[in-house]
Amino acid sequence: MQSSPNSKPTTLIIRTIAAWSVALLLFFPLLFLAVTAFKTEGQAIAVPSLWVFTPTLENFVEVQARSNYLHYVWNSVVTSVVSTILGLLIAAPAAYSMAFSPTKRTKDILMWMLSTKMMPAVGALAPIYVMAKTAGLLDTKFSLIVVFTMSNLPIMVWMLYSHFKDIPHEILEASRMDGAGLWDEFRYVLLPLGMGGLASTGLLCLVLAWNEAFWALNLGSANAGTLATLVASYSSPEGLFWAKLSAASLMAIAPIIVFGWFSQKQLVQGLTFGAVK
Amino acid sequence: MSTTTVRSGGDWLRQFLPRLVLAPSFAITLVFVYGFIIYTGYISVSKSKMLPNLDFVGLDNYRKLWKTLNWQVALDNLAIFGILYIVICGALGLFLAILLDQKIRGEGFLRPIYLYPMALSFVVTGTAWKWFLNPGLGLEKTMHDWGWASFKFDWLINPDMAIYTVVIAGVWQSSGFVMAMFLAGLRGVDEEQLKAAQLDGASTFQTYWRIIIPQLRAVFLSAFVVLAHMAIKAYDLVVALTGGGPGNATEVPATFMYSYTFTRNQMGVGAASAMIMLMTIAAIIVPYLYAETREARHE
């Protein structure tokens, strides 16, 4: 369904304007956040809002000085990157197995795995919290990495599966005919062909882990806190910290604005549990 | 000779490898989800207060839960939020999808913008929302300064209206995402039928109402399931925007569960509320997934 039957140029213009206005409306809060980050606190609460001003970096400096901002950035980077790599290492073989040696139960297992992603995190909060506490792992990057990996695993398996399924089996069979061993098969056939799938799944998981706030807020605080924790800590006292809060927030969303652009398809796919391909 | 042994070794590995490598993911999912649900279920029938306590008390916690005023508030709020969120997101998402499906200029640029609110953590973007909704700083003050002195927008701090600010933010966050679901559906609509309808002189509205929308039934169902489970899980939105307040005006099941488990030292009651949430979500998704798998089998 591309063009509708009786669209005249004027209707098309009206529709285009409507579509762009909605986009502006949706993007406005983010734009506002980004602009406020470069204002002084005084300018930030000035009414009507200033759109022309001399940008300042003082908020970023202040956030760094006050709460050691880079520490949280580092935690966010470590937890999301490590949990993504770990997840790929566990999920890729499973997806490979289901894609290339499917059994009668494969579809059921996949659906079952996906269904678990719909469960509310609060259902697992008490046991995980108690376990982390007993093991002395509260507020450690380790516990966050484990939880991020586990909670993203079903989506990773499923996304990788749908990528691997598209690799033609004939190629693998041909390589076996030529006497390729398991390692050769992996190294020269599967890895190059599966690279795209691994990359896009990894990207999606980076985004999900970076955004993850529930576990970050509940299991981490000072030591292992991620950017989400930092932003949350800024928003609790209802003081006039808008510019600083915006600066802290901007840094937390900037990477996703970039990565999100490239991973929109995966994001929709992942968040709809495969209903949209 | 030696090559044959190596080959058969390889074959053995090839045969068992699939099951072997599937095992970790399978086990992790099993433990992470079911193990913890069982644990939560056990806590919900135990005497746990501040710390887990394994003395069995039957359904006491559930009885206590239903008598708790905050839980009633949370359920009422979930009903208001859930219904408005699903209906508005669905309608707006469909509208945006139809809009984008008209060969709009710059569609490739607009799509990610519609999706951004969903791609970003609401704990972070909630900041900007608090700004707008704050009567002393945002929309209300702007209107006052522009000379509209009687303009009043204090929903964020008004206990009767605060839950609607959560709806606004939720709609902002998810409609672009629902749009993407519908857009994918629209792109899959049968072209032949559309041509036939055009030849019969159907208007654009008729074409959509009679031919296109009925074909999107599956998308409507998926959108409903996805939105419904997000509504029940809603936590970030409320925590970032109102923190459950003012008072307990925007308490929802997830914030209730959190505060009873961790700040009010009623772990048993908190676990009971978590079990109710789990069961509600299961009641929505199990039939859906069951239907989906059956369909996949028939393919």
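**Concerning the overall build of chain A**
And step 1. Of the regular secondary structure elements, chain A holds 13 helices and 0 strands.
And step 2. When its helices and strands are written in sequence order, chain A yields α-α-α-α-α-α-α-α-α-α-α-α-α.
And step 3. Considering only C-alpha atoms, chain A reaches an extent of 70 × 70 × 35 Å along its principal axes.
And step 4. Every one of the 277 residues in chain A was classed for burial, and the buried ones make up 53%.
And step 5. For chain A, long-range pairs separated by at least 24 residues make up 75% of all intrachain contacts whose partners lie at least 6 apart in sequence.
And step 6. For chain A, the accessible area works out to roughly 12000 Å², and carbon and sulfur atoms hold 70% of it.
And step 7. Here chain A contributes 16 positively and 13 negatively charged side chains, and the mean placements of these two sets differ by 8 Å.

**What to know about the environment of R111 of chain B**
And step 1. Position of R111 of chain B among the secondary structure elements: in helix 4 (residues 107-119).
And step 2. Residue R111 of chain B is classed as partly exposed on the basis of its relative accessible area of 30%.
And step 3. C-alpha of R111 of chain B to C-alpha of G176 of chain B: the two residues are 65 residues apart in sequence and 7.9 Å apart in space.
And step 4. Residues in contact with R111 of chain B, not counting those within four places in the same chain, are Q264 of chain A together with L100, M179 and L183 of chain B.

**Quick look at the packing of aromatic side chains**
And step 1. By the definition in use, this model includes 25 aromatic pairs over all chains.
And step 2. Look at W261 of chain A and F109 of chain B: their rings are 5.7 Å apart centre to centre, the planes differ by 55°, and that puts the pair in the tilted class. One end of the pair, W261 of chain A, is in helix 12 (residues 242-262); the other, F109 of chain B, is in helix 4, on a second chain.
And step 3. Assessed through its relative accessible area of 33%, W261 of chain A is described here as partly exposed.
And step 4. When the ring of W66 of chain B is compared with that of W71 of chain B, the centres are 6.0 Å apart and the planes differ by 85°; the resulting orientation is edge-to-face.
And step 5. One aromatic cluster is present, formed by F28 and F32 of chain A together with F122, W129, F132 and W172 of chain B through successive ring pairs.
And step 6. Its end group placed over the ring of F32 of chain A, K39 of chain A keeps NZ or CZ at 5.7 Å from the ring centre.

**Looking at the interface of chain B and chain A**
And step 1. The interface of chain B with chain A comprises 97 residues on the first partner and 97 residues on the second.
And step 2. The contact between chain B and chain A buries some 8900 Å² in all, and 76% of this surface belongs to carbon and sulfur atoms.
And step 3. Counting the surface chain B buries against chain A, the share from its top three residues, R14, Y116 and W131 of chain B, is 8%.
And step 4. Where chain B touches chain A, the interface holds 0 salt bridges.
And step 5. Along the contact surface separating chain B from chain A lie 9 residue pairs in polar contact (both at pLDDT 80 or more).
And step 6. Of the residues forming the side of chain B that touches chain A, the biggest block, 19 residues, is contributed by helix 1 (residues 2-44) of chain B.

**Observations concerning a nonpolar patch on the surface**
And step 1. Nonpolar side chains collect at one region of the surface, where W20, V258, F259, W261 and F262 of chain A together with F109 of chain B lie side by side and expose about 600 Å² of accessible area between them.
And step 2. Residue contributions to the nonpolar patch peak at 4 residues, all from helix 12 of chain A.

**Topic: the packing of helix 13 (residues 264-271) of chain A against helix 4 of chain B**
And step 1. Closest axis-to-axis distance for the helix 13 of chain A/helix 4 of chain B pair is 11 Å, and the angle between their directions is 50°. Classed by the angle they form, the pair helix 13 of chain A and helix 4 of chain B counts as oblique. Crossing handedness for the pair helix 13 of chain A and helix 4 of chain B: left-handed. The segment helix 13 of chain A lies against helix 4 of chain B, with Q264, L267, V268 and L271 of chain A engaging R111, P112, L115, M118 and A119 of chain B.
And step 2. Considered class by class, the residues forming the contact of helix 13 of chain A with helix 4 of chain B number 7 nonpolar, 1 polar and 1 charged.

**A word on helix 3 (residues 58-67) of chain A**
Residues and elements named next belong to chain A.
And step 1. Those residues of helix 3 lying buried are N59, F60, V63 and S67. Angularly, the buried residues of helix 3 cover 100° about the axis, an arc narrow enough to put them on a single face. In helix 3, the exposed positions angled more than 90 degrees off the buried face are occupied by V61 and A65.
And step 2. Where helix 3 terminates, the next one or two residues include N68, which has phi positive at roughly 50°.

**What about unusual backbone geometry?**
And step 1. Positive phi is not limited to glycine here, since D139 of chain A has a value of about 60°.
And step 2. Within the element layout of this structure, D139 of chain A appears in the loop between helix 6 (122-134) and helix 7 (141-164).

**Digging into the pattern of salt bridges**
Residue and element names in this part refer to chain B.
And step 1. Scanning the entire structure with this criterion turns up 5 salt bridges over all chains.
And step 2. A salt bridge links D101 to R187; the nearest nitrogen and oxygen atoms lie 2.9 Å apart. Here R187 lies in helix 7 (residues 162-187) and D101 lies in the loop between helix 3 (69-100) and helix 4, a separation of 86 residues in the sequence.
And step 3. Accessibility expressed as a relative area gives 0% for D101, which makes it buried.
And step 4. One network of salt bridges, with partners in common, ties together D101, E107, R111 and R187.

Calculation rules
Residues numbered from 1 in each chain as written. Chains lettered and ligands numbered in written order. Predicted model: local features only at pLDDT ≥ 70, side-chain atom pairs only at ≥ 80, totals over all residues. Heavy atoms only, no water. Helix = DSSP H or I, 4+ residues; strand = E, 2+ residues; numbered from the N terminus. Buried < 20%, exposed > 50% of the residue type's maximum accessible area, 1.4 Å probe, protein only. Contact = heavy atoms within 4.5 Å. Areas by Shrake-Rupley, 256 points an atom, 1.4 Å probe, with all protein chains shown as cover. Lys, Arg positive; Asp, Glu negative; His and termini not counted. Charge placed at Lys NZ, Arg CZ, Asp CG, Glu CD. Phe/Tyr/Trp six-rings, centres within 6.5 Å; stacked < 30°, edge-to-face > 60°. Lys NZ or Arg CZ within 6 Å of the ring centre and 35° of its normal. Buried area = accessible area lost by both parts, 1.4 Å probe. Salt bridge = Lys/Arg side-chain N within 4 Å of Asp/Glu carboxyl O. Polar contact = N/O pair within 3.5 Å; in protein donor to acceptor, adjacent residues only side chain to side chain. Patch = residues over 30% accessible without salt bridge, like charges linked within 9 Å, V, L, I, M, F, W, Y side chains within 5 Å. Axes fitted to C-alpha atoms, helices over the stretch in contact; angles between N-to-C directions. Parallel < 35°, antiparallel > 145°, perpendicular 65-115°, else oblique. Left-handed = near helix turned anticlockwise from the far one by under 90°. Nonpolar A, V, L, I, M, F, W, Y, C, P; charged D, E, K, R; others polar. Arc of directions from axis to C-beta.

These figures come from the coordinates and say nothing about function on their own.
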